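# Secondary and tertiary structure notes
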Amino acid sequence: MKIKVVIADDEVLARQKLRQLLQSDPEVEIVGEGANALETIDLVQFTNPDLILLDIQMPDMDGFDIISALAATETIRLPRIIFTTAYDKYAIRAFEISAVDYLLKPFTRERLKQAFERAQEQIIAARDNRRDGKRTSDPGSYATRLVFKSKGRILFLPMSDIRWIGAEENYVRICTDRESHLLRETMAHFETRLDPASFVRVHRSAIVNLQHAKEIRTDSQEGESFVLMQDGQKVPISRGYRLRLSQLLTR
């Protein structure tokens, strides 16, 4: 089954270039082109595409406004998103909404191919889940990497590298094997971006990545339970979360 694609860009030449780059791929079916926000929203509603190649700066609404409008419409299934733009300043915001990729113009055929293949993997996985009637979450709906500023750098951190996450008032602390990063975000909101097949809440203020968990232990003197991570770090478990965690670790 082909991947249905909508191209959204206010520049005619930009749309033509994308069409030319994609037309040779037998796996692609371009179902429409939008030159502004309203055209794009209507196209997504009527064609139900798997993927949208979306420019950020559009005449009436920007690309993020378009995504917000689509997400607010219950009758629309939000497609995968690859942003195409001449500006790098929106990259962090793009990955915060779980965009598949962020292409800076002018980009090459090979760069577009890499982004499309990443989107294709997510789309096929989602189709398989729907066809098999699985109730598990769609892996494409969760972030695969975290993009944020830290000490003057822009970091692209794979979610699989995160060991555990802790809440510190209005911040979350992201802990990896070598360092930790403090982000201004609530734990509840951050948790919505995590795949529950890997990340599990063990405490009101702690989430662990099961890929890096070694075992559950109980302190013999104080009777408090904790998750022993593979790197030796101890993450406390509250009583209400222990049973569910035990079940997940013994699967």
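Between the first and last C-alpha of helix α1 (residues 12–23) there are 16 Å, a value that for twelve residues agrees with the 16 Å anticipated at 1.5 Å per step. Turning to α1, its buried residues are Ala14, Arg15, Leu18, Leu21 and Leu22. Taken around the axis of α1, the buried residues stretch over an arc of 130 degrees, which confines them to a single face. The outward face of α1, more than 90 degrees from its buried face, is lined by the exposed residues Leu13, Gln20 and Gln23.

Turning to the packing of aromatic side chains, a few remarks are in order. If you walk through the whole model with that rule in mind, you get three aromatic pairs. A ring pair is formed by phenylalanine 64 and tyrosine 90, whose centres lie 6.1 Å apart and whose planes are at 50 degrees; its orientation type is tilted. Of this pair, phenylalanine 64 sits in helix α3 (residues 63–71) while tyrosine 90 sits in the loop between β4 (80–85) and α4 (91–96), and the two are 26 residues apart along the sequence. With respect to class, phenylalanine 64 is no different from tyrosine 90; both count as buried. Ring geometry for phenylalanine 95 against phenylalanine 156: centres 5.9 Å apart, planes inclined by 85 degrees, an arrangement best described as edge-to-face. Placement of the pair is phenylalanine 95 in helix α4 and phenylalanine 156 in strand β7 (residues 153–158), with a sequence separation of 61 residues. The exposure class of phenylalanine 156 is partly exposed, given its relative accessible area of 43%. In textbook terms, an aromatic cluster arises when at least three aromatic residues are bridged by ring pairs, as seen for Phe64, Phe83 and Tyr90. Against the face of tyrosine 87 rests lysine 89, its NZ or CZ located 5.9 Å from the ring centre.

What counts as what
- Residues numbered from 1 in each chain as written.
- Predicted model: local features only at pLDDT ≥ 70, side-chain atom pairs only at ≥ 80, totals over all residues.
- Heavy atoms only, no water.
- Helix = DSSP H or I, 4+ residues; strand = E, 2+ residues; numbered from the N terminus.
- Expected span 1.5 Å × (residues − 1).
- Buried < 20%, exposed > 50% of the residue type's maximum accessible area, 1.4 Å probe, protein only.
- Arc of directions from axis to C-beta.
- Phe/Tyr/Trp six-rings, centres within 6.5 Å; stacked < 30°, edge-to-face > 60°.
- Lys NZ or Arg CZ within 6 Å of the ring centre and 35° of its normal.

Remember, this is a structural readout, not a statement about activity or role.
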